[in-house]
Amino acid sequence: MIELLLCAVLVSASAAVHSETRQHEHAEPEVLAPGYYDLTFDAPRAGSYELPGLGHAADGVVLLDTGEPVRLHDLYADRVVVLSFIYTSCGDVNGCPLATHVLARVQERLAKAAELAAKVRLVSWSFDPERDTPDVMRTYGARFQNAEVDWRFVTSADSRSLAPLLLDYDQSVIQEIDAQGRPLGTLSHILRVYLIDTRGVIRNIYSVSFLHADTLLNDIRTLLAESSR
């Protein structure tokens, strides 16, 4: 599944590049983020380093893909959590599709280690609640979820209830508009994926250049080793 997802992303990116090239002769091809490839270096051994606390993960109410409201702290519930902010119609190959691709690779490896998987939860949270309804999140998530790993796809009731939580997590989202001030349907945002420990403390924040399944898994194992001491 991961290979098919990556192929689809690459084909989509390639098509976009060729289309743009036809319109602008000197357009440059898009460079894919490191998270799509194998690491070019050996990641530090899990447990051989420490991850400092970066503040407590904020609490608030989100909607599961069933429409049921749940508090974030209940969703985190004594697990190591990988939290990714996305929106399902994102067309930036190095944006939300990258985050979902990396989490899918993490899920693939967790599925082979049941004891580890039982201590981890993946959460993809949409910051586009008007379009990403619970039904949309359920359809989107069904392409990636499996029975071995707990991966939740959640959204918010509306933008008003979402706004203070985005502020708490320092997640900037801007509605892009055309010259007449009309929404284009695309959202400008900075990719941020959070690693949250079993006490609800943020221990790492991954950006485009740093987000990779190998480093994420090592960080997860590092936190679990720490909590078992």
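Residues numbered from 1 in each chain as written. Predicted model: local features only at pLDDT ≥ 70, side-chain atom pairs only at ≥ 80, totals over all residues. Heavy atoms only, no water.

S.K.: Pulling in residues and values, what's your account of unusual backbone geometry?
M.R.: Of note in the backbone geometry, Ala 77 takes a positive phi value of approximately 35° without being a glycine. Mapped onto the elements, Ala 77 comes out in the loop between helix H2 (72-76) and strand E3 (80-86). Owing to a relative accessible area of 38%, Ala 77 belongs among the partly exposed residues under this scheme. At Asp 170, a position not held by glycine, the phi torsion is positive, near 55°. Mapped onto the elements of the fold, Asp 170 is located in the loop between helix H6 (159-168) and strand E6 (173-177). (Helix = DSSP H or I, 4+ residues; strand = E, 2+ residues; numbered from the N terminus. Buried < 20%, exposed > 50% of the residue type's maximum accessible area, 1.4 Å probe, protein only.)

S.K.: For helix H3 (residues 96-110), give the residues involved together with the corresponding values.
M.R.: Relative to the 21 Å expected for 15 residues at 1.5 Å per residue, H3 spans 21 Å between its end C-alpha atoms, a close match to the ideal helical length. Counted residue by residue, H3 has 12 buried out of 15 residues, so it is predominantly covered. Every buried residue of H3 is listed here: Cys 96, Leu 98, Ala 99, Thr 100, His 101, Val 102, Leu 103, Ala 104, Arg 105, Val 106, Gln 107 and Leu 110. (Expected span 1.5 Å × (residues − 1).)

S.K.: Help me get a handle on the sheet that holds strand E4 (residues 120-126), residues and values and all.
M.R.: Strand pairing in a sheet is mediated by backbone hydrogen bonds. Such pairs are either parallel or antiparallel. The strand order across the open sheet built from five strands is E5-E4-E3-E8-E9, with neighbouring strands paired in mixed fashion. Edge positions in the open sheet fall to strand E5 (150-154) and strand E9 (202-206), since each of these has one partner strand only. The average angle at which neighbouring strand axes cross in this sheet is 15°, direction not considered. Helix-sheet contacts for H3 involve E3, E4, E5 and strand E8 (193-196), and the interaxial angle to E3 is about 155°. Strands in contact with helix H5 (residues 134-141) are E3, E4 and E5; relative to E5, the strand with the most contacts, it is inclined by about 145°. (Pairing = 2+ DSSP bridges. Axes fitted to C-alpha atoms, helices over the stretch in contact; angles between N-to-C directions. Contact = heavy atoms within 4.5 Å.)

S.K.: So what's going on with the side chain of Asp 219? Which residues, and what values?
M.R.: Following the sequence through the fold, Asp 219 ends up in helix H7 (residues 213-227). Although Asp 219 is buried, it makes no salt bridge; Arg 203 carries the closest opposite charge, 9.6 Å away. Within the structure, the side chain of Asp 219 is placed 2.5 Å from the side chain of Tyr 49, a separation counted as a polar contact. Looking at Asp 219, its side chain comes within polar contact range of the side chain of Tyr 206, at 2.7 Å. Residue contacts for Asp 219: discarding those within four places in its chain leaves Tyr 49, Leu 51, Leu 195, Asn 204 and Tyr 206. (Lys, Arg positive; Asp, Glu negative; His and termini not counted. Salt bridge = Lys/Arg side-chain N within 4 Å of Asp/Glu carboxyl O. Polar contact = N/O pair within 3.5 Å; in protein donor to acceptor, adjacent residues only side chain to side chain.)

S.K.: Would you mind going over the pattern of salt bridges in detail, with residue names and values included?
M.R.: Summed over the entire model, instances satisfying the criterion amount to 11 salt bridges. A salt bridge links Arg 131 to Asp 128, with the shortest nitrogen-to-oxygen separation between them at 2.7 Å. Overall, Asp 128 belongs to the buried group, its relative accessible area being 7%. Residue Arg 152 is joined to Asp 150 by a salt bridge in which the shortest nitrogen-to-oxygen separation is 2.6 Å. Residue Arg 152 is classed as partly exposed on the basis of its relative accessible area, which comes to 26%. Each of Arg 79, Arg 121, Asp 150 and Arg 152 takes part in salt bridges that share partners, so that together they form one network.

S.K.: I'd love a proper account of the nonpolar core, names of residues and values included.
M.R.: In terms of nonpolar packing, the biggest core is built from 61 residues, with Leu 83, Trp 125, Tyr 169, Leu 195, Leu 211, Leu 216 and Ile 220 touching the most fellow members. No other element matches the eight residues that H3 contributes to this core. Sequence-distant contacts of Leu 211, that is, excluding residues within four places in its chain, are made with Gly 35, Leu 98, Ala 99, Val 102, Leu 191, Val 193, Tyr 206 and Leu 216. (Core = buried A, V, L, I, M, F, W, Y, C linked by side-chain atoms within 4.5 Å.)

S.K.: Outline the pairing of E8, listing residues and values.
M.R.: Taking every second residue as pointing to the same face, both faces of E8 are buried, with Val 193 and Leu 195 on one and Tyr 194 and Ile 196 on the other. Note: E3 against E8, four bridges, orientation antiparallel. Note that in E8 the partner of Leu 83 across the bridge is Tyr 194. Looking at chain direction, E8 and E9 are connected through four bridges and run antiparallel. Bridging from a neighbouring strand, Leu 195 pairs with Asn 204 of E9. With antiparallel pairing between neighbouring strands as the criterion, E8 and E9 make up a hairpin whose turn holds five residues, including Gly 200 at a positive phi of roughly 80°.

Just geometry here; none of it tells us what the structure is for.
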